[in-house]
Amino acid sequence: MKNENIVNTRSGHGTEAILFGLVPMGDPRTAAEALNELQLLAETADFVPAGCMVQHRRHADPHTYLGSGKLDELAEVVRLAHSGAVICDDSLTPNQAKHIEAAIKVPCIDRSELILQIFGMHARSPQAKLQVELAALQYEMPRLRRRWTHLERQRGGIGVRGGAGEKQIDVDRNLIRTRISSVSREIKRIEQHKEREVAGRPDMFTIALVGYTNAGKSSLMNRLTEAGVLAENKLFSTLDTRTRPWRLPGGRTVLLTDTVGFLRKLPHQLVASFHATLQEALHADLLLVMVDGSSPEAAEQLHTVDEVLDSLDAGDLPRVTVLNKLDQVRDSSDLAPLWQIEPGAVAISVLRGDGMDDLHAAIQQHIAAVENRVEILLPHTSRYLLGEIRAKASVLSEFYTEEGCLMELQASPALLGRLLAEGARVAAADERAKAPAPNEPGTGDDRQPGGGA
Ligand SMILES: Nc1nc2c(ncn2[C@@H]2O[C@H](COP(=O)(O)OP(=O)(O)OP(=O)(O)O)[C@@H](O)[C@H]2O)c(=O)[nH]1
Ligand SMILES: [Mg+2]
């Protein structure tokens, strides 16, 4: 049974849509400003935003979302503009959507459905496709009745396929339940397979790129690793996590992982469904938390990223905050409020290459702070490990003695453990004394500068 036989979230196909939402009382922004992100979401899902409308109120009406006067106004705008749909900035209950559609007579798409639609369009790997399908099925389940009411009103309409009637709703419900369990099983199987892969990964320092969607995570990954991942001015371009080796200046290689972007009010079904993928990506030694520093919403976006990280139990992971798109910031004092929130943040422009040295320095400093610094003696019989040590650890100094190579290293506990198991040993004090101190005359060619940290 294929997904599209059961669920069918509605894609834009160029449909003109009126966007609407709620804003707090006294919010000075125009409707277009307040719904700016929704507009980008709508465009990414192939809708053509044809107008924006907001209502200032504290809470949504439990039945109709907008107040009744405002709903009439929306119906009038839809009628005059001949719009094919309306799009709500929030997730609606099935009942709210039903009442809105009854009033305005065109399909009402809520934020969750829109995001599910985009995820569906962008999913590439079998795992991402299944995760999106699972989220879409769970979204669809409580909405079957509404879809059917629609079908009975306008034949051949949207949503569920097949004949009409209550009985059919039960049939579809059973189909969805069966599909949910088979998709869940399949996802579990892929996750277990991946867990085994991760467990077998080399003992390298890992860095995960996380942050708000469209911040430039994939662009940075491409710049640093020539990964060739898709980066574009659309929301949720990346759904699959991807890991590439990144050679830091100085020679040490770390692993860099690109992840799915976060967004305000992500549908909970999607967060649940992508939980495992994200958690796997977040088995990192360091997070690069990225936002578009030129966005007026940057502070709020940082807050959202924090919330999502907390929900993934990754709130306490060490991090470097990266403010991107510096080329679009008119005056660097515009970044002051962000630096107040994140004093150690690094400002960069992936596009122009600004701030890359600062980024490298922040990362190296971080590695230096968390990793053990030890001097080991690598006997000549274990020389075959030299290449691996130079690639995976920061080599602060190397000095050859009769017994072997005396190295001052900064390395992960896992790598150190393996080196010790394969013949290296922690250098004794008298052995360490054989190595000349830095800058001491006569250190000569024996002493090679290492990875540096
Ligand atoms: N002006 C400017 N644009 C940038 C910069 N870095 C990235 N972009 C643009 O921002 C858009 C989004 O970039 P991506 O790298 O796809 O962003 P992302 O964070 O991976 O986004 P998702 O995968 O959707 O979460 C693209 O159009 C990039 O060309 C920058 O430093 N300056
Ligand atoms: Mg991306």
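Every value quoted in this text rests on a predicted model; they were computed, and no experiment measured them.

What counts and how
- Residues numbered from 1 in each chain as written.
- Chains lettered and ligands numbered in written order.
- Predicted model: local features only at pLDDT ≥ 70, side-chain atom pairs only at ≥ 80, totals over all residues.
- Heavy atoms only, no water.
- Helix = DSSP H or I, 4+ residues; strand = E, 2+ residues; numbered from the N terminus.
- Buried < 20%, exposed > 50% of the residue type's maximum accessible area, 1.4 Å probe, protein only.
- Patch = residues over 30% accessible without salt bridge, like charges linked within 9 Å, V, L, I, M, F, W, Y side chains within 5 Å.
- Areas by Shrake-Rupley, 256 points an atom, 1.4 Å probe, with all protein chains shown as cover.
- Salt bridge = Lys/Arg side-chain N within 4 Å of Asp/Glu carboxyl O.
- Lys, Arg positive; Asp, Glu negative; His and termini not counted.
- Charge placed at Lys NZ, Arg CZ, Asp CG, Glu CD.
- Pairing = 2+ DSSP bridges.
- 1 Å grid on protein atoms, 1.4 Å probe; cavity = no way out; pocket = protein on both sides within 12 Å on 5 of 7 lines; lining within 4 Å.
- Points joined across faces, edges and corners; volume = space filled by probe spheres on them.
- Nonpolar A, V, L, I, M, F, W, Y, C, P; charged D, E, K, R; others polar.
- Contact = heavy atoms within 4.5 Å.
- Axes fitted to C-alpha atoms, helices over the stretch in contact; angles between N-to-C directions.
- Phe/Tyr/Trp six-rings, centres within 6.5 Å; stacked < 30°, edge-to-face > 60°.
- Lys NZ or Arg CZ within 6 Å of the ring centre and 35° of its normal.
- Near = heavy atom within 4 Å.
- Polar contact = N/O pair within 3.5 Å; in protein donor to acceptor, adjacent residues only side chain to side chain.
- Domains from an automatic or database assignment.
- Parallel < 35°, antiparallel > 145°, perpendicular 65-115°, else oblique.
- Left-handed = near helix turned anticlockwise from the far one by under 90°.
- Expected span 1.5 Å × (residues − 1).
- Arc of directions from axis to C-beta.

J.: Help me get a handle on the overall build of the chain, residues and values and all.
T.: From N to C terminus, the chain includes 17 helices and 15 strands. Within the span of the chain, comprising 453 residues, buried residues form 51% of the whole.

J.: Hey, could you go over a negative patch on the surface for me, with residue numbers and the actual values?
T.: Among the surface-exposed residues, Glu307, Asp310, Asp313 and Asp316 lie close enough to one another that they form a single negatively charged patch. You can see Asp310 is positioned in helix H12 (residues 298-311). Given the relative accessible area of 49%, Asp310 is considered partly exposed.

J.: Explain the pairing of strand E7 (residues 253-258) residue by residue, including any values.
T.: Of all 6 residues that make up E7, 6 are buried, and the element is covered over most of its length. The alternating pattern of E7 places Thr253, Leu255 and Thr257 and Val254, Leu256 and Asp258 on opposite faces, both of which are buried. Summarising the sheet, strand E5 (residues 206-211) and E7 pair through 4 bridges and their orientation is parallel. Along E7, the bridge assignment pairs Ala208 with Thr257.

J.: Break down the pattern of salt bridges for me, citing the residues and quoting the values.
T.: Inspection of the entire model under this criterion finds 22 salt bridges. With a shortest N-O distance of 2.8 Å, Asp89 and Arg111 are connected by a salt bridge. With Asp89 in the loop between strand E3 (85-88) and helix H5 (94-104) and Arg111 in helix H6 (residues 111-122), this residue pair connects regions lying 22 residues apart in the sequence. What makes Asp89 buried here is its relative accessible area of 4%. On the basis of relative accessible area, Arg111 is assigned to the buried category, the value being 0%. Linking Lys325 and Asp292 is a salt bridge whose minimum nitrogen-to-oxygen distance equals 3.8 Å. Here Asp292 lies in strand E8 (residues 286-292) and Lys325 lies in the loop between strand E9 (319-324) and helix H13 (336-341), a separation of 33 residues in the sequence. Residue Lys325 shares its accessibility class with Asp292, and that shared class is buried.

J.: Mind laying out empty space enclosed by the protein, listing which residues take part and the relevant values?
T.: Applying the stated criterion to the full structure yields 1 cavity of 30 Å³ or more. Estimated volume of the largest cavity: approximately 70 Å³. Lining the largest cavity, in full, are Phe119, Val260, Gly261, Phe262, Leu266, Leu270, Val271, Phe274, Leu278 and Val308. Per-element accounting of the lining of the largest cavity gives the leading share, 4 residues, to helix H11 (residues 268-281). Here the lining of the largest cavity is built from residues that sort into 9 nonpolar, 1 polar and no charged.

J.: I'd like a description of the sheet that holds E7, backed by residues and values.
T.: Across the sheet, which stays open at both edges, the 6 strands sit in the order E6-E7-E5-E8-E9-E10 with mixed pairing between neighbours. Each of the sheet's edge strands pairs with one partner strand only, and the pair in question is strand E6 (242-247) and strand E10 (346-347). Where helix H14 (residues 356-370) meets the sheet, its contacts fall on E5, E6, E7, E8, E9 and E10, and the angle it forms with E8 comes to roughly 150°.

J.: Please set out the packing of aromatic side chains residue by residue, giving values where relevant.
T.: One pass over the full model with this rule turns up 1 aromatic pair. Taking 5.8 Å as the distance between ring centres and 75° as the angle between the ring planes, the aromatic pair formed by Phe20 and Tyr65 counts as edge-to-face. Placement of Phe20 in strand E1 (residues 16-23) and of Tyr65 in the loop between strand E2 (48-56) and helix H4 (68-81) is noted, with a sequence separation of 45 residues between them. A relative accessible area of 2% means that Tyr65 is categorised as buried. The ring centre of Tyr139 lies 3.9 Å from the NZ or CZ of Arg143, which sits over that ring.

J.: I'd like to hear about the site of ligand 1, residue by residue, with values.
T.: Lining the immediate environment of ligand 1, one finds 24 residues, of which Lys217, Ser219, Ser237, Thr238 and Asp327 sit closest. Asn214 is positioned such that a nitrogen or oxygen atom in its backbone is 2.9 Å from an oxygen atom of ligand 1. One nitrogen or oxygen atom from the main chain of Leu351 is found 3.1 Å from an oxygen atom belonging to ligand 1. Protein burial of ligand 1: of its 660 Å² of free accessible surface, 90% is covered by the chains. With 3 residues, the single largest contributor to the shell around ligand 1 is helix H10 (residues 217-225). Classifying every residue of the shell around ligand 1 by side-chain character gives 7 nonpolar, 12 polar and 5 charged.

J.: Which residues make up the layout of surface pockets, and what are the values?
T.: What the largest pocket holds in volume is close to 570 Å³. Around the largest pocket sit 28 residues that line it, and Asn36, Glu37, Ser295, Glu297 and Gln301 are the ones nearest its centre. Mapped by element, the contributors of at least two residues to the lining of the largest pocket are E1, helix H2 (31-34), helix H3 (36-44) and H12. Considering each element in turn, the lining of the largest pocket owes the most residues, 3 residues, to H3. Residue contributions to the lining of the largest pocket reach at least three from each of two domains, namely domain 1 (3-118) and domain 2 (206-368).

J.: I'd like a description of the sheet that holds E1, backed by residues and values.
T.: Spatial ordering of the open sheet is given by E2-E1-E3-E4, a layout of 4 strands whose pairing is parallel. Here the strands that pair on one side only, and so sit at the sheet edges, are E2 and strand E4 (108-109).

J.: An account of the packing of H3 against H6 is needed here, citing residue identities and associated values.
T.: For the pair H3 and H6, interaxial distance at closest approach is 9 Å and the crossing angle is 45°. Taken as axis vectors, H3 and H6 run oblique relative to one another. Crossing handedness for the pair H3 and H6: left-handed. Together, Glu37, Leu38, Leu41, Ala42 and Thr44 of H3 and Arg111, Leu114, Ile115, Ile118, Met121 and His122 of H6 make up the contact between the two elements.

J.: Quick rundown of H4? Include the residues and the values.
T.: With 14 residues, H4 extends 20 Å between its outermost C-alpha atoms, agreeing within 8% with the 20 Å of an ideal straight helix rising 1.5 Å per residue. Lys70, Leu71, Leu74, Ala75 and Val78 are the residues of H4 that are buried. Viewed end-on, H4 has its buried residues packed into an arc of 145°, placing them on one side of the element. Turned more than 90 degrees off the buried face of H4, the exposed positions are Asp72, Arg79 and Leu80.

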